[in-house]
Amino acid sequence: MALNNTYDARLVQQEPAVGAGVQILLLALLGTAIGMGPAGWVTGLVFAIATWAVLSRAVHRSRLRSFGAANRVTLGRATLVGGVTALVADSFESSPPVSLLVGLTAVALILDGVDGKVARRTGTSTALGARFDMEVDAFLILVLSVYVSMQLGPWVLLIGGMRYGFVAAARVMPWLNAPLPPSTARKTVAALQGICLLLAGADLLPRVANLGVVLLALALLVWSFGRDVLWLGRASRVRDTASAVELREAAVDMEGMRGAARAVDGALEASVEEVLEAATAA
């Protein structure tokens, strides 16, 4: 049994390495197809190595018995995101085909709805899988916001940076780490970010229309994050109030116990005095 568990663990650990290998293969194909420059190559390789290292560590800590089909879909999405990242980095030096960037991004966005369905159907939903999916989504939005910011201005980076700003704020304000209730609105707004940024990045619409689309995406994102922060704030105050009430009740109970103890001590002292008086009289 121990040998089987070790064998399974090694197989699971190999999955991130396979993903890194596929990522490098995709970079080679992109480099051959468009003559990708050093910025694209370096960025793509750094993404592949970082994904392999972080995912391998997470898999080891979670002690998964099987990597699972859903995580493989997410790993495939991460590979596509790595390709998009390399193309965006390359766009600072040259002009990679927009159609190629749009194609890779579109497939990554479409697959975003597949990994969750696969996990639910196969009964392999895990905390690691959900976190992996969320991080891939967040990084794709960040990369797309960098690309679109070159056309519309640096303010677009607010879309890609908002989630990371929230994570940073949670380190200072731990109440932001509390779990949120499921929300269809939150999922819809998150999905719209990629679609709106992709539409603006494709540059199919006039600049004014692209500006309106991205502004709408940003407004929806601010609303979604603001609503969640308010909910977490109210939940934190409720927990604090409940804790204060429990402390007061505990203090009252303790005071009652002390009063009872004093009463018992008084009764014992009175009994001892009566015994001593009776003994003296005798």
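The structure under discussion appears in the preceding block.
Residues numbered from 1 in each chain as written. Predicted model: local features only at pLDDT ≥ 70, side-chain atom pairs only at ≥ 80, totals over all residues. Heavy atoms only, no water.

Student: Would you explain the overall build of the protein chain in this entry?
Tutor: Scanning the protein chain from terminus to terminus reveals eight helices and zero strands. When the elements of the protein chain are put in sequence order from the N terminus, they spell out α-α-α-α-α-α-α-α. For the protein chain, the residues scored as buried account for 34% of the 282 residues in total. Taking the intrachain contacts of the protein chain between residues at least 6 apart in sequence as the baseline, contacts between residues at least 24 apart amount to 78%. (Helix = DSSP H or I, 4+ residues; strand = E, 2+ residues; numbered from the N terminus. Buried < 20%, exposed > 50% of the residue type's maximum accessible area, 1.4 Å probe, protein only. Contact = heavy atoms within 4.5 Å.)

Student: Before we go on, may I ask you to explain helix 7 (residues 184–202) in this structure?
Tutor: For helix 7, spanning 19 residues, the distance from its first C-alpha to its last is 27 Å, which sits close to the expected 27 Å at 1.5 Å a residue. Taken together, the buried positions of helix 7 are Val-189, Gln-193, Gly-194, Cys-196, Leu-197, Leu-198, Ala-200, Gly-201 and Ala-202. For helix 7, the N-terminal cap is Ser-183; the gap from its side-chain oxygen to the backbone nitrogen of Ala-185 is 3.4 Å. Once helix 7 ends, the next one or two residues include Asp-203, with phi positive near 60°. (Expected span 1.5 Å × (residues − 1). Polar contact = N/O pair within 3.5 Å; in protein donor to acceptor, adjacent residues only side chain to side chain.)

Student: Whenever I open this one, the nonpolar core confuses me. Can you help?
Tutor: A general tendency of soluble globular proteins is for nonpolar side chains to be buried together. In terms of nonpolar packing, the biggest core is built from 44 residues, with Val-84, Val-148, Val-156, Ile-159, Leu-197 and Val-214 touching the most fellow members. Among the secondary structure elements, those contributing two or more residues to this core are helix 1 (2–34), helix 2 (38–62), helix 3 (69–90), helix 4 (98–122), helix 5 (127–152), helix 6 (157–172), helix 7 and helix 8 (207–281). For this core, the leading source of residues is helix 5, giving ten residues. Filtering out sequence-adjacent residues up to four positions away, Leu-197 remains in contact with Ile-141, Leu-144, Ser-145, Val-148, Val-156, Ile-159 and Val-214. (Core = buried A, V, L, I, M, F, W, Y, C linked by side-chain atoms within 4.5 Å.)

Student: Explain the packing of helix 4 against helix 7 here, please?
Tutor: To describe two helices that pack against each other, one gives the angle between their axes and the distance between the axes. Relative to each other, helix 4 and helix 7 sit at 170°, their axes nearing to 10 Å. Viewed along their axes, helix 4 and helix 7 adopt a mutual orientation that is roughly antiparallel. Facing Val-98, Val-102, Thr-105, Ala-106 and Leu-109 of helix 4, the residues of helix 7 in contact are Gly-194, Ile-195, Leu-198, Gly-201 and Ala-202. A class-by-class count of the residues in the contact of helix 4 with helix 7 yields seven nonpolar, three polar and no charged. (Axes fitted to C-alpha atoms, helices over the stretch in contact; angles between N-to-C directions. Parallel < 35°, antiparallel > 145°, perpendicular 65-115°, else oblique. Nonpolar A, V, L, I, M, F, W, Y, C, P; charged D, E, K, R; others polar.)

Student: Can you help me understand the side chain of Asp-115 in this one?
Tutor: Relative to the assigned elements, Asp-115 resides in helix 4. Residue Asp-115 is classed as buried on the basis of its relative accessible area, which comes to 4%.

Student: Sorry, what's going on with a positive patch on the surface here?
Tutor: Together, Lys-117, Arg-120, Arg-121 and Lys-187 make up a region of like positive charge exposed at the surface. If you tally residues by element for the positive patch, the top one is helix 4, at three residues. (Patch = residues over 30% accessible without salt bridge, like charges linked within 9 Å, V, L, I, M, F, W, Y side chains within 5 Å. Areas by Shrake-Rupley, 256 points an atom, 1.4 Å probe, with all protein chains shown as cover. Salt bridge = Lys/Arg side-chain N within 4 Å of Asp/Glu carboxyl O. Lys, Arg positive; Asp, Glu negative; His and termini not counted. Charge placed at Lys NZ, Arg CZ, Asp CG, Glu CD.)

Student: Please explain the pattern of salt bridges as it appears in this structure.
Tutor: When their charged atoms lie close together, side chains carrying opposite charge are able to pair. This structure, assessed with the given rule, holds eight salt bridges. We note a salt bridge from Arg-77 to Asp-115, for which the minimum N-O separation is 3.2 Å. In this pair, Arg-77 is assigned in helix 3 and Asp-115 in helix 4, connecting sequence segments 38 residues apart. Note that Glu-135 and Arg-131 form a salt bridge whose closest N and O atoms lie 2.7 Å from each other. Taken together, the residues Glu-135 and Arg-131, both in helix 5 and four residues apart, mark about one turn of the helix. Exposure remark for Glu-135: the relative accessible area of 24% places this residue in the partly exposed category. On the basis of relative accessible area, Arg-131 is assigned to the partly exposed category, the value being 48%.

Student: Explanation requested: the packing of helix 3 against helix 5 in the structure shown.
Tutor: Following both chains from N to C, one finds helix 3 and helix 5 inclined at 15°, their axes separated by 10 Å at the closest point. Regarding the angle of helix 3 to helix 5, the classification is roughly parallel. With respect to the hand of their crossing, helix 3 and helix 5 are arranged in left-handed fashion. Mapping the contact onto sequence places Asn-71, Thr-74, Leu-75, Arg-77, Ala-78, Val-81, Val-84, Thr-85 and Val-88 in helix 3 and Gly-129, Phe-132, Asp-133, Val-136, Asp-137, Phe-139, Leu-140, Val-143, Leu-144, Val-146 and Tyr-147 in helix 5. Classifying every residue of the contact of helix 3 with helix 5 by side-chain character gives 13 nonpolar, four polar and three charged. (Left-handed = near helix turned anticlockwise from the far one by under 90°.)

Student: Just checking my understanding: could you explain the environment of His-60 for this structure?
Tutor: Its place among the elements puts His-60 in helix 2. Judged by its relative accessible area of 53%, His-60 falls in the exposed class. Residues His-60 and Val-12 lie 48 residues apart in sequence; the distance between their C-alpha atoms is 8.6 Å.

Student: Please explain unusual backbone geometry as it appears in this structure.
Tutor: Most peptide bonds take the trans form, and the phi angle of most residues other than glycine is negative. In this model, Asp-203 sits at a positive phi of 60°, which is unusual for a non-glycine residue. Looking at the secondary structure, you find Asp-203 in the loop between helix 7 and helix 8.

Student: I keep staring at a nonpolar patch on the surface and nothing clicks. Help me out?
Tutor: On the surface, Leu-199, Leu-204 and Leu-205 cluster together to form a nonpolar patch covering roughly 260 Å² of accessible area. Along the chain, the position of Leu-205 falls in the loop between helix 7 and helix 8.

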